[in-house]
Amino acid sequence: FTTALSYHAAALLCSSCLQRNYRTFLLFIYGTSVYIAWTFGVSLGSLFVRHKELAAAAEPATTDSFSSNLWLQTLGQSGAALALMIISFIFFWFVCGLSGFHTWLVATNQTTYENFRYNHNQVPNPYSAGFFRNCASVWCVPVPPSKVQFRAFVDEVQRPPVEMGYPDWSSAAPLSSSSSPVQLNMAELSQQQQQQQQ
């Protein structure tokens, strides 16, 4: 499963999306779907609240909201809510479609690459272990440790090889242990290099 998922990430996302942060990616698109639906609902609710306020302020003789222009007044006075509803309605289909598609991929233990490249409709998916095991393989496994050690100390500076056209730095004098490269200024470095060349 992990090999297929890392292949999916390398082929389509050019990142290691699925080894360490696939759950985070899923939670992001699920959360974005909920947020977009919430934005649409709040905007729609604000239209109804504004309509109710206009209906309460109107004369009692024109309380029939469907026969009057109250809805047109409501839409005219709630431009921001209407714009948010339109934008969230458009984005809802893209983000919720992506959420649903990845939910289906998790449930069938496929990657995006496998889904588009290899069609398992005629033949059973060889990687599927059943719905619950497929979901558990994404949601209930420990996250592997990072291969990048951000807090590790660098022992030695790696220099490019001379064969590639870079200057040979191996003959340069090492800096004294009492001073660090940050403490030395450019004049001191050039003096050390001149003394070494003589």
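Residues numbered from 1 in each chain as written. Predicted model: local features only at pLDDT ≥ 70, side-chain atom pairs only at ≥ 80, totals over all residues. Heavy atoms only, no water.

*Asks:* It is not clear to me how the side chain of Ser-99 should be interpreted in this structure. Could you clarify?
*Replies:* Looking at where Ser-99 falls in the secondary structure, it is placed in helix H5 (residues 79-108). Overall, Ser-99 belongs to the buried group, its relative accessible area being 6%. (Helix = DSSP H or I, 4+ residues; strand = E, 2+ residues; numbered from the N terminus. Buried < 20%, exposed > 50% of the residue type's maximum accessible area, 1.4 Å probe, protein only.)

*Asks:* Where do I start with the pattern of salt bridges in this structure?
*Replies:* A pair can form between side chains of opposite charge whenever their charged atoms are brought close. The tally for this structure, following the rule as stated, stands at 1 salt bridge. Of the charged contacts, one joins Arg-50 and Glu-53 as a salt bridge, the two residues approaching to 2.9 Å between their closest N and O atoms. Of this pair, Arg-50 and Glu-53 both sit in helix H3 (residues 22-57), 3 residues apart, which is roughly one turn of the helix. In this structure Arg-50 comes out as partly exposed when scored by relative accessible area, which is 26%. Glu-53 gets classed as partly exposed once you look at its relative accessible area, which sits at 43%. (Salt bridge = Lys/Arg side-chain N within 4 Å of Asp/Glu carboxyl O.)

*Asks:* Help me understand unusual backbone geometry in this model?
*Replies:* Glycine aside, residues mostly have negative phi angles, and peptide bonds mostly take the trans form. Positioned with a positive phi, Asn-109 is a non-glycine residue whose angle comes to about 55°. Counting through the fold element by element, Asn-109 comes out in the loop between H5 and helix H6 (112-117).

*Asks:* Would you explain the packing of aromatic side chains in this entry?
*Replies:* What describes a pair of aromatic rings is the distance from one ring centre to the other and the angle between the planes of the rings. For the structure on display, the rule yields 8 aromatic pairs. For the ring pair Phe-89 and Trp-93, a centre distance of 5.8 Å and an interplane angle of 85° mean the geometry is edge-to-face. With Phe-89 and Trp-93 both in helix H5, this residue pair falls 4 residues apart, about one helical turn. Its relative accessible area of 44% is what places Phe-89 among the partly exposed residues. (Phe/Tyr/Trp six-rings, centres within 6.5 Å; stacked < 30°, edge-to-face > 60°.)

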